[in-house]
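# An overview of the molecular structure
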Amino acid sequence: MSGALKEVVTKAARLPRIKRQAMELTEAAASRIKEILVKREKPYLKIGVRTRGCNGMTYTMNYADDGDRSKFDEVVTHADSGVKVIIDPAALMHVIGTKMDFVQDQLRSEFVFENPNAKGECGCGESFNV
């Protein structure tokens, strides 16, 4: 390796890597999560998946305290609001890259997951398969 190339490679190796979060929260989702966490006096919302529904898997959401965190949980923090969501380690491979949104209109008020790993969803949107 030439001296200049070796220097560039050495500098690049020392730079901290930017870690991409496992899940993205929209402003609407972060705002709604913050609202319900404050109401329940809980610091986290924990997201997981379980086998259920007409298409295989469904999302689960539960309130969580510091004691509910395990060392293998992934914590996603919304940059602007500081809202923290824990992703269960068993669910991580199913939800990685997912965008979580909150939709509210005259007919519904719900969290919506845009999951790039989902190969199919049921008609009502409750369950998915990967």
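Above: the structure in question.
I will try to describe carefully the structure that is included in this document. (Residues numbered from 1 in each chain as written. Predicted model: local features only at pLDDT ≥ 70, side-chain atom pairs only at ≥ 80, totals over all residues. Heavy atoms only, no water.)

### Remarks on the environment of tyrosine 63
Positionally, tyrosine 63 belongs in strand E3 (residues 57–64). Take tyrosine 63: its relative accessible area is 33%, and that puts it in the partly exposed class. Separated by 20 residues in the primary sequence, tyrosine 63 and proline 43 place their C-alpha atoms 8.0 Å from one another. (Helix = DSSP H or I, 4+ residues; strand = E, 2+ residues; numbered from the N terminus. Buried < 20%, exposed > 50% of the residue type's maximum accessible area, 1.4 Å probe, protein only.)

### Focus: the pairing of strand E5 (residues 84–87)
As paired strands, strand E2 (residues 44–51) and E5 are joined by four bridges and run parallel to one another. Counted as the bridge partner of tyrosine 44 is lysine 84 from E5. Examined bridge by bridge, strand E4 (residues 74–77) and E5 share four bridges and lie antiparallel to one another. Within the sheet, the bridge partner assigned to valine 76 lies in E5 and is valine 85. Hairpin connection from E4 to E5: six residues lie between these consecutive antiparallel strands, with glycine 82 at a positive phi of about 80°. (Pairing = 2+ DSSP bridges.)

### So, the pattern of salt bridges
Applying the stated criterion to the full structure yields six salt bridges. A salt bridge links arginine 32 to glutamate 35, with the shortest nitrogen-to-oxygen separation between them at 2.6 Å. Residue arginine 32 and its partner glutamate 35 are both found in helix H2 (residues 27–40); the two are separated by three residues, about one turn of the helix. Close ionic contact of arginine 108 with aspartate 105 constitutes a salt bridge, the shortest N to O distance being 3.5 Å. The partly exposed category is assigned to aspartate 105, whose relative accessible area is 41%. Salt bridges here are not isolated pairs; linked through shared partners, they connect Lys46, Asp73 and Asp88. (Salt bridge = Lys/Arg side-chain N within 4 Å of Asp/Glu carboxyl O.)

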